[in-house]
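# Residue-level structure breakdown
This is what each chain is made of:
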Amino acid sequence: MKRLYTVICILVVLLGFGFYQEKQPHKINTNHIPTVGILQLTEHPALDAIHAGIIAGLKQSGYTPGKNINIDFQNAEGDQGNLKTMSSKFATENVDLSIGITTPSAQVLANTVKNTPLILGAITDPKSAGLVKSNEHPGGLVTGVSDFPPMKEELELIKKIMPNLHTLGVIYTSSDDSATSQYHQFVALCKKEHVNVKGYSISNTNDLNQVATQMVQNVDAVYVPNDNTVASAIQTLVNVANTKNVPVFPTASTVVKQGALATIGLNQYKLGVQTGKMAAKVLKGANPATMPIEKLAHGDLAINLAQAKRLGIKIPDSLIKEAKRNGVIYK
């Protein structure tokens, strides 16, 4: 019996120690120049803007690349295999902190670089993506910035520009957790606002032309959630939509510049700056487990007047004035 009690006591001590260890914040060695690994899914204006913002945010927080911080930037060029290889590189290098730009990048980093902090660079819904216990209380080594868009305001914008809207199409990538989650929430919002919506999903960019061609036969406008696959081939979608004079409403202003019509989107550069500042806090000793996922407070109105003219759509003067005052207009 004494032997049994002894074993039980040892187990209790070990479990208690493990629990204690889990609760302790990760300690970063502040006596050397830190190395930060940044992993980006692919080259794209919106993602490039996030990357540039991250570097700016680090600089604003006192970390200048080449001076008092080392940056290992890796671009996977849209290849899942590259994501794994590059994440393994960060693990081998023992980077002090890693940053994932896009959900796929962050997910691979979380599964590969497990003993150092991970900062999320504009991940739509970290909890749904399995990256944190909750967005309010991450509870581990992962935290960061969400780029969840102001969907209600975006839907209101679509209705203002297209008061006679009958059917709104939504296109997203079925394998993208964040895009899928946002799609379902947007559909629920449309039902609440009595907007008829039709969903169309793709597996990869090879599907986009065919699915988009089918979609524009049946809808009056297209909404694109935060979806890296669709964004990387946005010109294909815009070109197909133009054949039927169907406007495209994205979530990022950089996509408006590429030929979409309008959005109240989050500024990707500002998201990057916020991500860089969060990374700096962790490098200085903050505990990511107690740092809630952050968001940008406001979106920016972006309008492409050249595209509106091409499609024969009249943009309300009130929106043009607002974009001139607090947003951006592409001509």
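Our subject is the structure that appears above.
On a predicted model such as this, the values are computed, not experimentally measured, just so you know. (Residues numbered from 1 in each chain as written. Predicted model: local features only at pLDDT ≥ 70, side-chain atom pairs only at ≥ 80, totals over all residues. Heavy atoms only, no water.)

Turning to the sheet that holds strand β12 (residues 300–304), a few remarks are in order. With mixed pairing, the 3 strands of this open sheet are ordered in space as β10-β12-β13. Strand pairing shows two members of the sheet lacking a second neighbour, β10 (262–265) and β13 (328–330), which therefore form its edges. Pairwise comparison of adjacent strand axes, ignoring direction, gives a mean angle of 15° for this sheet. Here 4 bridges tie β10 to β12, and the two strands are oriented antiparallel to one another. Residue pairing for β12: glycine 265 is matched across the bridge by aspartate 300. Taken strand by strand, helix α5 (residues 151–161) contacts β10 and β12, and its axis lies near 155° from that of β10. (Pairing = 2+ DSSP bridges. Helix = DSSP H or I, 4+ residues; strand = E, 2+ residues; numbered from the N terminus. Axes fitted to C-alpha atoms, helices over the stretch in contact; angles between N-to-C directions. Contact = heavy atoms within 4.5 Å.)

Bringing the nonpolar core into the picture now. In this structure, Ile161, Leu168, Phe186, Tyr223, Phe249, Leu261 and Ile315 are the most contacted members of the largest nonpolar core, which totals 34 residues. Only α5, β6 (167–173), α6 (177–192), β8 (221–223), β10, β12, α12 (305–311) and α13 (317–326) provide two or more residues apiece to this core. Among the elements that make up this core, the one with the highest residue count is α6 (6 residues). Once you skip the residues sitting within four places of it in the chain, phenylalanine 249 turns out to touch Ile158, Ile161, Met162, Ala221, Val222, Tyr223, Val224, Leu261 and Ala262. One finds Leu47, Ile69, Ala122 and Ala280 within the second-largest nonpolar core, a separate group that totals 24 residues. (Core = buried A, V, L, I, M, F, W, Y, C linked by side-chain atoms within 4.5 Å. Buried < 20%, exposed > 50% of the residue type's maximum accessible area, 1.4 Å probe, protein only.)

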